[in-house]
Structures are given as C-alpha cells and as structure tokens.
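# Analysis of the macromolecular model
The lines below spell out each chain.
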Amino acid sequence: MAGLPDLIALLYRADWTRLSLSAELRAEYGEEPLPPPPPPPLPRSPRKYRSRWYRDWPGQKQDNGRYVAHGALLIGPGGRWRLVCPDPGRGAGGEAAEGNDGEHVWSWRPLEMEGPAPLPVRENGAYLPVPELLCPSRLLGGYTLEELGPVTVAGRDAIAVAATPRRDALGSRPAQQAYDRIEVAVDAELGILLRRIETSAGELVTLTELTDVTMDPPEAADPARFAPRPGSHLGDPKGEKPAVSGPGWAAANLAASGLSALARCQLSKPDRAAPAEQPEAMPSPDPAPLEPAGGAPPPGEVLELLYRSGEPKVLSAMARQWLDFAAVARPMSEEMRAGGGGFASLLDTVTSVMNVTRTEARLRVSGPDRYRLDYSARPRPVDATTISCDGERCWRVFQDWIAVGPATSLREPIVSLAESSWLLRLGLSGGAELTYRGRPARQFRVTSSGGEQVLGLLMSFPADAIVDAETGCLLRLLCYADDTLAIWSELDDISTEPIDPDEFQVQVPPGTRIVEATGNVITDAVAAIPGVKGTAARAAAEAVNCTASAVSAARSFWDDLRGHR
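Residues numbered from 1 in each chain as written. Predicted model: local features only at pLDDT ≥ 70, side-chain atom pairs only at ≥ 80, totals over all residues. Heavy atoms only, no water.

What follows concerns the overall build of the protein chain. Summing up its helical and strand segments, the protein chain has eight helices and 26 strands in all. The buried share of the protein chain, reckoned over its 565 residues, is 48%. Nonlocal contacts in the protein chain, meaning residues at least 24 apart in sequence, comprise 64% of its contacts between residues at least 6 apart. (Helix = DSSP H or I, 4+ residues; strand = E, 2+ residues; numbered from the N terminus. Buried < 20%, exposed > 50% of the residue type's maximum accessible area, 1.4 Å probe, protein only. Contact = heavy atoms within 4.5 Å.)

This brings us to the packing of aromatic side chains. Within this structure, the stated rule accounts for three aromatic pairs. Seen in terms of ring centroids, W322 and W488 are 6.2 Å apart; in terms of plane orientation they differ by 85°. Their pairing is edge-to-face. Here W322 is found in strand β15 (residues 314–323), whereas its partner W488 is found in strand β25 (residues 484–495), with 166 residues between them in sequence. Residue class for W488 comes out buried when judged on its relative accessible area of 3%. Here the basic side chain of R166 rests over the ring of Y307, its NZ or CZ set 4.5 Å away from the ring centre. Seen from the ring of W488, R476 lies directly overhead, with NZ or CZ sitting 5.6 Å from the centre. (Phe/Tyr/Trp six-rings, centres within 6.5 Å; stacked < 30°, edge-to-face > 60°. Lys NZ or Arg CZ within 6 Å of the ring centre and 35° of its normal.)

Quick look at the side chain of S460 now. Checked against the element boundaries, S460 lands in the loop between β22 (439–447) and β23 (463–468). Residue S460 is classed as buried on the basis of its relative accessible area, which comes to 17%. Reaching out from S460, the side chain makes a polar contact with the backbone oxygen of Y480 at a distance of 2.6 Å. (Polar contact = N/O pair within 3.5 Å; in protein donor to acceptor, adjacent residues only side chain to side chain.)

Quick look at the state of the cysteines now. Evaluation of the coordinates by the stated rule reveals zero disulfides. With no disulfide of its own, C389 lies closest to C394 among cysteine sulfurs, the gap being 5.0 Å. In this structure C389 comes out as buried when scored by relative accessible area, which is 0%. (Disulfide = S-S within 2.5 Å.)

Between D286 and the following residue, P287, the backbone shows a cis peptide bond with an omega angle of 10°. Note the cis peptide between F461 and P462, where omega equals 5°. Here P462 shows up in the loop between β22 and β23. The residue V130 is not glycine, and still its phi comes out positive at about 50°. Owing to a relative accessible area of 2%, V130 belongs among the buried residues under this scheme. Unlike most non-glycine residues, D216 shows phi in positive territory, near 50°. Position of D216 relative to the elements: it lies in the loop between β13 (203–215) and β14 (233–235).

Reading across from one edge, β21-β22-β23-β24-β25-β15-β16-β17-β18-β19-β20-β26 is the order of the 12 strands in this open sheet, with mixed pairing throughout. With one partner strand each, in any of the chains shown, β21 (427–436) and β26 (513–516) form the two edges of the open sheet. Neighbour-to-neighbour, the strand axes of the sheet open up by a mean angle of 20°, direction not taken into account. Here five bridges tie strand β19 (residues 393–397) to strand β20 (residues 401–406), and the two strands are oriented antiparallel to one another. (Pairing = 2+ DSSP bridges. Axes fitted to C-alpha atoms, helices over the stretch in contact; angles between N-to-C directions.)

What follows is the structure, encoded as structure tokens:
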C-alpha cells in the first residue's frame, strides 16, 4: 500500500506532457442518469458527456443498449499527441482523428458536417487528450479518496482507488455529476489513470480505460506522426482564441460603440453626484509574492494539508476582498480591441469610472448545509446582506425582502477561501514555511497549468497563496492580471470552536416581504421587483428560461443524432 500522502503526491505530479507512449482506448457508456435536484442556477446544455474524449465520436451500440467506443492514442515529447477513432458507420476504412503537433491543435472528420470538425476537448483554455485519464489531479479537490490495494491493468502495476464526492458547504465541492462513486486504477509509476469506472447507486455509468500500453514506442519520436491531416480544422494548441469577426460581431460591435458614446455622455454630466466616501485602495503585500524562479512542486506533506482542508469542518472567520475590476477587465479589453473597437471602447468607458471595491463578511460553517455569511461591506447595495442555511431552509436577506427556499450549497466565491484543496487542480510551486499574522502558514505560487479558474476569486494568473498550516484555509490569495494586482482575498480571525445551531437560523421580522426561492438565478432575481416593472421583468425572465430550455433540448437532440446514429 502506497499510503494516502504518497498517493496524493503521485496523482498531483502526474504530467502526461512528459510521457512517450502508445495505447488503445476503450469507453463503454449509455444514457447517463441525470443528476438529482437542485436545478442549476442558469439553464445549461444537457450534453451528457462533457469533457469526454468520445463526446463527438460515434460509438458502436451493443445488444444491451449501451455504446462502446475505441481509439488509438499516441503521445510524444513536448505534449504532442494524436487520437484516431474508427467510425462504425463508414466501414473498415472510415475513421476520425485529432491531435496536437506542437504548433496547432487539429481535428479531422470524414463525416459530412455543416462547418469545420469540432476541436478536441477543451479544459480551461487547453486542448487535452483523454482528460478523464490523463489529468488525475481533478480527484484531489472535492473527493474523498480510499486506497483499495495493488492491481495490474494493461500489464502495468497500479493502485486501485475509490473516490466519492465530498458533501460540504465549501468551494472544493465538484459540480453535480451523474455518478456517486469513481473507482480508478492509478499507474504506480506515472500517476495517470489506466482505468476509470463511474457508477451510480451501484450501476455502471461510464468505463474508460487504456489497454495495450507501450512506453517509448519508436513512432512517438517521429514528428510527422502528429501532423494534421489535409483539410483538418486547426486551432491554437494552448486554446487561445483568434480575434472575433464576422457580420454578427460587426453588428454587435456597432451597437457597443453607441452604448459607449451614451455612457460617456452620461458620465460627463455636471450634475453627477460626487462619491460620498473615499475610494478603496488595494493593500500592499507583505510578505511579497513568490518569484517565478524555483518552480519545484510542494512536498508530499504539504499536498496532504491541501487535500485534507476540503474535509467538512467547523469554522468561523472574517473574509475580505479587494477587487480592481479595471485590472481584471484589461486583458479582455485588449482581446476585444483586436476584433474591433466598439466593445473595447465600451469596456474602457465603464472601467474608467470604477474604483477598487471592498467586500467584507463574517463566515460561519458547521458541516454540510449549515452555514451563515453576514456581509458588513459589499459593492452593490442590491445584493444580499445575509445568506444562511440551517440544513433544512436557506435564507437570503436583502434590504426590504427575504428569499426563503430549501437547503442548498453555498455558491458565494469568497467561501472558497475557507479551504484550499481546489488549488490541487492548478499548478503549484513553493510551499515554504512562514508566519502570517501570527499563524503558521505555507506560501505557494499558483499558475494555470490547464486548471480551473474561480470566478470572482482567481480569474487570471499568476497568483500567490498563503495557506494556514493548521486548518488549510487560505489566509491570503493574490490574483494578478499581467503585472497588476487585480484581486486581494483573505481570511482573518479564524476559529474552530463549536457554533450554536441557532446561529444558522434567520428570524424574519413581522411584515417583511417573503419571496419563495426557486433556485433559478434569473427567476429569483426579478421575483421581488414590485409593480409594473416587476411584471415586465418576470415576463422577460420567463421568456429567457423558455428560450434557453428550447435551445438545450434542440442541442441535446442534435448531439444524440450525430453521436449515436
């Protein structure tokens, strides 16, 4: 048995871009059961196989009604890769292919399609081959791991591991999935997954595995093996978007130019009231962020600290955040300017009058679905001042009304500071010991590394993190846009003392307007608007929801028709 600390380090340090191998791929899947309520905050596409290597590749239907897909994978030095999949509908000679030659990601399909062939799976800006197997660090944030013992898979020594989603109120919780358990075989040397089995209530949902694995095959050293086929759809290997263009963009850009002019006119009126308070200022970092040099990954015991920080806990802390929206939006403005000036001008006009904003709140957490967030400072007065859940009901308190609904997870971005296991899905270096505001801590440099962003907390890279050595909480997280400090987030006044359950309940004063929450952000946002404006807003929200549902249903039908015909 490797032991949990060694297993965590093995999964985190797995790097497919340094491998040279060939393997056969096999996936077995069916109609995945939909995840249970609550409904998503916004209407979403019901594509069943997100981030799957076979998501646009046809499978062969079996007698039991499930589908089986096959592919041949080749990985070469420098992150080059190629994936070839036979097409059962086109005979022995039909196949589809995609890959990365080091300069372009590419995709080729023999099928008659409208438009170019879809590019490979894109995860947080990077195009990856078989991310469910080659990116095992995903299992370190939001899952509880159990080592089952040694196994042999595809002729290689491996470790059998079971992963179950954690259920808590903090930020590492994985998105709703169609499975409640994952069993994987971790290559004992490479750290990649040789097999992944997803089940729901004991029933198989999806099986993905590598077979016939060969290390350092001669063909992997030949760059020509990764070259795009003639007629392929080409993209940037790092996932960078080309400048937007086209008639639709031109029309929208023209409208944005008009809005920008109108905004400048309004902002220049002499009767505009001056701000009542002095604008916020971004604090000065002390200690300073880590330098880019010294990029060694953190030691195993530090990785285990981050992993265990996601376990359910009792916690009370003061959370603060300073956000420079102009710095966050500057890279977006530059990208828009490459496609024309309208949107860039509008964004520049809006951000030119925006100061640094400050958010402050007292956070209390006591196990799954028991939390309370009381804001003492928030940039927008229309936002909730208190969000609380006692395990049965959830309250969102606004200035003159309260939304009440069933218990739900806490989705506020600032809550992600209360644990740090989600950082394991990103690139980390450093881990030096220090004392920060009287508490023992570790400091890290954070880079994207194809990992995820956290809206409102970590929206660009690099970043600098200071993690509490006792609780695993983020004492400080600095997010940079280019060389400008864009977001400063921190936790202070941390306590792990028990919390009275009554503190998670909200006493509603007599006469307060109560709105029943539905869980749909659009519907709930307009539910409390009074009068004629409220009626019009609710009608518009209903139209948006109906339109989104229709689009999702049509897309689902098209995906099924294209993938399973």
